[in-house]
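Here's the letter readout for the chains.
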Amino acid sequence: MNQPWTTDRAWQQLLTGNRNFVAGSPAHEHQDAKKRQELVEEQTPFAAVFGCSDSRLAAEMIFDVGLGDLFVVRNAGQVLAETILGSLEFAVEVLKVPLIVVLGHDQCGAIKAGMSVQTGTANFAGEFIANLVNRITPTIEQGLSVGETTIEEFTSRHIRETVSELVQRSEIIREAVKAGKLGIVGAEYKLGLGEVQLAESLGISK
Ligand SMILES: [Zn+2]
């Protein structure tokens, strides 16, 4: 891979890797000792992924990539926070990734928790869990106000709103998109299929 990575090429590479994973025939590139040694001095990942922490959403596996390929930031329900924004700005400004993928998934426990707050059936005691879930409830309220009711609708809305929030809050990221140096994809991973499906995109051609 000696050509420079572009936004479109990075996204196509991730789609290709995901197809390998779905088909059950991953290439498992960049996972050997030689690659590990090559990367000691420097990393040049071709994309950043901000996804849910769910154990079934292992970024490198579902995109069939290896060491040094992805800069990955995850938390439960992929909820933006200052440390997340800082990590993604680092990926764009310092590592010069041409693509950020915001990755949600079906049957997300964090979205379910947000829905349980709405219905008064939430049953977690942790103060910090509450902080996290409270960052999802405005999305659910917004969805309810326009007639949405299902977890699928809230999941899709949360992915799209996270992409919007990312460009609203980070000037560096917003300017990189405007300058054509960065694309952002919002995508939903389907647990059963293993497939990554496009939900939203900014600054990519497809
Ligand atoms: Zn999740």
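Residues numbered from 1 in each chain as written. Predicted model: local features only at pLDDT ≥ 70, side-chain atom pairs only at ≥ 80, totals over all residues.

### Describing helix α8 (residues 151-169)
Here α8 is 19 residues long and its end C-alpha atoms lie 26 Å apart, about the 27 Å a rise of 1.5 Å per residue gives. Within the sequence span of α8, burial applies to Phe154, Thr155, Ser156, His158, Ile159, Glu161, Thr162, Val163 and Leu166. (Helix = DSSP H or I, 4+ residues; strand = E, 2+ residues; numbered from the N terminus. Expected span 1.5 Å × (residues − 1). Buried ≥ 20, exposed ≤ 12 C-beta atoms within 10 Å, placed from the backbone.)

### Some points on the nonpolar core
Judged by nonpolar contacts, the single largest core of 50 residues is most densely connected at Ala47, Ala48, Ile100 and Val101. Those residues in contact with Ile100 that sit more than four places away from it in its chain are Ala48, Phe50, Leu88, Leu182 and Ile184. (Core = buried A, V, L, I, M, F, W, Y, C linked by C-beta atoms within 7 Å. Contact = placed C-beta atoms within 7 Å.)

### Details of the sheet that holds strand β2 (residues 70-75)
Strands sit in the order β2-β1-β3-β4-β5 across an open sheet of 5 strands; the sheet is mixed. Lying at the two open borders of the sheet, with one neighbouring strand each, are β2 and β5 (195-202). Averaged over all pairs of adjacent strands, the angle between their axes in this sheet comes to 25 degrees, without regard to strand direction. Here strand β1 (residues 47-52) runs beside strand β3 (residues 99-105); their pairing, made up of 4 bridges, is parallel. Its bridge partner being in β3, Ala48 is matched across the sheet by Ile100. (Pairing = 2+ DSSP bridges. Axes fitted to C-alpha atoms, helices over the stretch in contact; angles between N-to-C directions.)

### Some details on unusual backbone geometry
Unlike most non-glycine residues, Lys96 shows phi in positive territory, near 60 degrees. Looking at the secondary structure, you find Lys96 in the loop between α4 (82-93) and β3. Despite not being glycine, Gln107 has its phi angle at roughly 55 degrees, a positive value. Tracing the backbone shows Gln107 in the loop between β3 and α5 (109-118). Of the residues examined, Gln107 has 14 C-beta atoms within 10 Å and is grouped as partly exposed.

### Here's the deal with helix α9 (residues 171-178)
Owing to its 3.6 residues per turn, the α-helix aligns residues three or four sequence positions apart on the same side. What α9 keeps buried is the set Ile173, Ala176 and Val177. Along the axis of α9, the buried residues cluster in a sector spanning 100 degrees; they form a single face. Opposite the packed face of α9, turned more than 90 degrees from it, sit the exposed residues Glu171 and Lys178. Next to the buried residues of α9 lie α4, α8, β4 (183-190) and β5. (Arc of directions from axis to C-beta.)

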